[in-house]
Amino acid sequence: MKRFNTLLAAVATFAVTLGSLPAVSAQDKEDEIRLSTAEVLLDVIVTDGKGNPVTDLRADEVQVVEAGVPQDVTSFALVKPGGSEPGAPSAPKGPASIELSPFRGFNFLILVVDRTTLDQFDLKETSSAAVKFINEKLGPNDLMAVFVAGSRLLMVQNFTNSKSKLLNAVSIATDSSGNVISLSTTDRSATRADISFDQAATGNVAVNPGAGGAAVGEAISSLDAFGADVNRTFDNLVDQFSAIALVQSLLALMKVYSRIPGRKAVLLYSEGFAVNSTVQGTFDAVLGTANRNNFSFYTVDAAGLRSVGQTRLEAPGAGSAPAGAGPTLANRGDRSVVDSSGNSAIGRAENSVRSGGNAALSRLAVETGGVAVRNTNDLGKGFQTVSNDLRSYYALAYAAKNTATDGKFRPVEVKVSRKGVDVRTRKGYFATPGGGDDVLLPFEQPVLELLAATQPGSRPAELPVMLRTERFRNGQAWTVPIVMHVPGSALAPHEREVEKGAKTPPQVDFELDAIAIVRDSKNNIVAKVSRSFPYRSDKDKVEEFRQLELLNTFSQPIILPPGAYKISIALYDPNGRKGTVVDRSMVLPPLVAGAPTISSIVLSRDVGSIPVGERERLAGDPFVFEERRASCRTRSASG
Amino acid sequence: MKARNENLVVYFRFYGAPSTAYQVKMEFVKDGKVVNASQPTALPQTDATGVTAFAPTIPVAGLEPGAYVVRVVVIDPAAGKPVADGSANFRVERERE
């Protein structure tokens, strides 16, 4: 459900301008900012004509082309989680981010059960497939996590190689008794990562991580932290922009687990979703994020070939489709055919929607180097394929020649000179600034383009903006909220289409999209935050909206150690296609343990009470005190 | 020419010793001169982690138009001396008819 700030109250022009700052045209002159060269990591699966992995490919047999431009490969190595076989010659080194990672040596598999689309029968089939995989295929180096996507994202089991824990998690995630799954349903200990070393626990031979035993502790500790981050990230994304919950769930998972280098598989059991114009941007964001962070989707259309009477049918050619084969849709006309006794119209309508959903699942797999499983009753094929792919792949890195982080798509092609082999990899990626966040959200691309196209000293200033950075102590670091103040009159309206017979009055939308990028004294990007601010007004109240002073902050915290920083903040009105970029310098003073410290002094017109339902969400917000919030959405002008 | 009859909330957080009662003093500075100052008043006692927040409301009706600095000084009453301070700028404009 899209969130809008309905702003109806008329507001007078302010007499008091708080903490007035120079206009955007009067920016400080700063050194030109050069973005650091981004290393692009690719995971490549190479198979022979029979589908067997090719494991002796040499770097000189491989060429990478990005947007038609050949690239220089900086590292290329076969990755075989679990370590090399005894006596094997030493393998060439892969990308440093993988070689030095405590996660090296493990396969990462995320099972996502989409409970918004799966029915009782689908859940049972999904359960059977998962149980079979865990019992028969799960190896000691396979770390699997189980999530349920519903109205929100729920971790049922953090990464583990414990078969008993995973079987329990699958049982909960695919429960078809109609019980509501909640955190209370799941075992709290399941949210902790667990890598077992003994055969009794894993049902397998001892773990042999490539990174060594000491690193396993670090891996577990990191996975615990990531697990704790998943819900918060999901909530942040819901705050940042509007989309359907499943897509936000997938983005949240990728945002958190992008910190694990190398190939990661997401096995999605779903009946899919239709990609209409509303979802398109977000869906593209999922694809781009997956490719930028080495996630491959293995999508399983859990409906298989079910008829309305839930009689399973087999079709010629049913099975898994390699990604390279393209998103060929299965013929799902079976529903309408079977459903011919008075329900054919409904069946056809449903089939139409489902076809769109199926296409989405296929695209997810094809464009991320994974596999789409559809048109089959054997839902275990998803697990089987992902298992094979994770056991042997090539990790390839190159320094992209085009270093502009403009959010644009860069198509990538990997060519192999050896004859008779099939190559499967990603179709490309979106060029994002990084800063620990390689997720490109749907509203971000034009804002990043605005940032990348200009340099300090020649920034656009088409929107009147006042900005203020505050600072609050956060242990031995500072939390730095950025407050953005834009008059409603600066934003262009977008009139909403009125549905026939609608009883609601005509409405007008406004939107402001913002990105802040923080660089340290060495010009490294250390933080990136973004948010889309949609507003809606009744058409006859637009003039009142124009008089409003819009005060906004990012929902994600920027937490920085003491030091000197440069912040670039871009604000963009997609309806008016106008933007402003502001560059600021900021010094965060040193912090001494135990020494008295004061935050920045925040000036506000008033403080607002926080509704009871909002208090949990705002816990930790530094502007909140005694169930009130300073500088919250008020009529205040803060600059 | 007069200032509008509006209030200003001065919000800050202070990080000190746990469960301690500090004091705060506020000064309004215009053109380098202190034009208004409060007497030291008690801050809400810091919590077990040493944090407290304060948000007094200041009427600006009595302030002439112009640029101001509000300066906040936190005082340790036991030692009788300032332990932290901060400031922010604001402007009082002429009221529009």
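These numbers come from a predicted model, not from an experiment.

The next point concerns the overall build of chain B. A count of helices and strands for chain B gives zero helices and eight strands. Scanning chain B from its N terminus toward the C terminus, one meets helices and strands in the order β-β-β-β-β-β-β-β. Residue burial in chain B is summarised as follows: out of 97 residues, 45% are buried. Residue pairs at least 24 apart in sequence account for 68% of intrachain contacts in chain B once pairs closer than 6 positions are excluded. Taken as a whole, chain B presents about 5,100 Å² of accessible surface, with 46% of it coming from carbon and sulfur.

Time to look at the confidence of the model for chain A. All names here are of chain A. For chain A, the mean per-residue pLDDT works out to 75, and 74% of the residues sit at or above 70. For residues 1-37, every residue scores under 50 in pLDDT, and the model assigns this stretch 107 contacts once sequence neighbours within four places are set aside. Low pLDDT, under 50, characterises residues 83-90; the predicted model gives this stretch two contacts beyond four residues in sequence or across chains.

Here the focus is the nonpolar core. All names here are of chain A. The biggest cluster of nonpolar side chains holds 50 residues, and the ones touching the most others in it are I110, F147, L223, L251 and Y257. Ranked by residues supplied to this core, first place goes to helix α6 (residues 245-257) with nine residues. Beyond its immediate sequence surroundings of up to four residues, L251 is in contact with L237, F241, T282, A285, V286, T289, V439 and L441. L463, L467, V518 and L560 belong to the second largest nonpolar core, which has 35 residues in total.

Okay, the packing of helix α2 (residues 120-136) of chain A against helix α3 (residues 163-173) of chain A next. Residue and element names in this part refer to chain A. At a minimum axis distance of 9 Å, the contact between α2 and α3 shows a crossing angle of 175°. Regarding the angle of α2 to α3, the classification is roughly antiparallel. Facing α2, whose interface residues are L123, S127, A130, V131, I134 and N135, α3 presents K163, L166, L167, V170 and A173. Here the contact of α2 with α3 is built from residues that sort into eight nonpolar, two polar and one charged.

Time to look at the interface of chain A and chain B. How big an interface is tends to be stated in terms of accessible area lost as the parts join. Tallying the contact residues gives 29 residues for chain A and 30 residues for chain B. Where chain A abuts chain B, roughly 2,500 Å² becomes buried across the two surfaces, and 61% of that area is made up of carbon and sulfur atoms. Viewed at the interface, chain B and chain A are joined by zero salt bridges. Seen at the junction of chain A and chain B, the total is eight residue pairs in polar contact (both at pLDDT 80 or more). Across the side of chain A that touches chain B, the residue classes break down as 17 nonpolar, eight polar and four charged. Of the pairings in the sheet, the one linking strand β29 (residues 597-598) of chain A to strand β1 (residues 7-15) of chain B comprises two bridges and is antiparallel in character. In the strand pairing of β1(B), T597(A) is matched with Y15(B).

All names here are of chain A. On the basis of which strands lie adjacent, the open sheet formed by four strands has the order β6-β14-β3-β16 and antiparallel pairing. Looking at which strands have only one partner, the edges of the open sheet turn out to be β6 (73-79) and β16 (422-424). Between one strand axis and the next, the sheet turns by 25° as a mean value, whatever way the strands run.

The next point concerns the environment of R459(A). Residues and elements named next belong to chain A. Secondary-structure assignment places R459 in the loop between α11 (444-453) and β18 (466-469). On the accessibility criterion, R459 (12% relative accessible area) is buried. Remark: the alpha-carbon pair of R459 and D583, spanning 124 residues in sequence, is separated by 8.6 Å. In this structure the side chain of R459 is engaged in a polar contact, spanning 2.6 Å, whose partner is the backbone oxygen of T454.

This part is about the side chain of T597(A). Tracing the backbone shows T597(A) in strand β29. Polar side-chain contacts of T597(A) include one of 2.6 Å to the side chain of R473(A). Each residue touching T597(A), except ones within four places of it in the same chain, is listed here: R473(A), W478(A), L591(A), R13(B), F14(B), Y15(B) and A84(B).

All right, on to the packing of aromatic side chains then. Throughout the structure, instances matching the rule amount to 16 aromatic pairs over all chains. Taken together, a centroid distance of 5.2 Å and an interplanar angle of 80° make the contact between F108(A) and F159(A) edge-to-face. Of the two residues, F108(A) is situated in strand β7 (residues 107-114) and F159(A) in strand β9 (residues 153-160); the sequence distance between them amounts to 51 residues. The two residues F108(A) and F159(A) agree in class, both being buried. Residues Y68(B) and F90(B) carry aromatic rings whose centres are separated by 5.4 Å and whose planes lie at 15° to one another, so their mutual orientation is stacked. Here the residue Y68(B) occupies a position in strand β7 (residues 66-76), and F90(B) occupies one in strand β8 (residues 81-92), the gap between them amounting to 22 residues. Residue Y68(B) is classed as buried on the basis of its relative accessible area, which comes to 4%. According to the relative accessible area criterion, F90(B) is buried, its value standing at 1%. An aromatic cluster of at least three residues, connected via ring pairs, comprises F108(A), F147(A), F159(A), F226(A) and Y257(A). Looking at K264(A), its charged tip hangs above the ring of F295(A), at a distance of 4.8 Å from the centre.

For P596(A), the location among the structural elements is in the loop between β28 (578-588) and β29. When residues no more than four places from it in sequence are discounted, the contact partners of P596(A) are F14(B), Y15(B), G16(B) and V83(B).

Attention now moves to the pattern of salt bridges. All names here are of chain A. Across all of its chains, the model carries 23 salt bridges over all chains by this definition. Taking the shortest distance from any N to any O, the salt bridge between D583 and R459 comes out at 2.8 Å. Of the two residues, D583 sits in strand β28 while R459 sits in the loop between α11 and β18, which places them 124 residues apart along the sequence. In this structure D583 comes out as buried when scored by relative accessible area, which is 2%.

Reading the values: the criteria
- Residues numbered from 1 in each chain as written.
- Chains lettered and ligands numbered in written order.
- Predicted model: local features only at pLDDT ≥ 70, side-chain atom pairs only at ≥ 80, totals over all residues.
- Heavy atoms only, no water.
- Helix = DSSP H or I, 4+ residues; strand = E, 2+ residues; numbered from the N terminus.
- Buried < 20%, exposed > 50% of the residue type's maximum accessible area, 1.4 Å probe, protein only.
- Contact = heavy atoms within 4.5 Å.
- Areas by Shrake-Rupley, 256 points an atom, 1.4 Å probe, with all protein chains shown as cover.
- pLDDT = per-residue confidence, 0-100.
- Core = buried A, V, L, I, M, F, W, Y, C linked by side-chain atoms within 4.5 Å.
- Axes fitted to C-alpha atoms, helices over the stretch in contact; angles between N-to-C directions.
- Parallel < 35°, antiparallel > 145°, perpendicular 65-115°, else oblique.
- Nonpolar A, V, L, I, M, F, W, Y, C, P; charged D, E, K, R; others polar.
- Buried area = accessible area lost by both parts, 1.4 Å probe.
- Salt bridge = Lys/Arg side-chain N within 4 Å of Asp/Glu carboxyl O.
- Polar contact = N/O pair within 3.5 Å; in protein donor to acceptor, adjacent residues only side chain to side chain.
- Pairing = 2+ DSSP bridges.
- Phe/Tyr/Trp six-rings, centres within 6.5 Å; stacked < 30°, edge-to-face > 60°.
- Lys NZ or Arg CZ within 6 Å of the ring centre and 35° of its normal.

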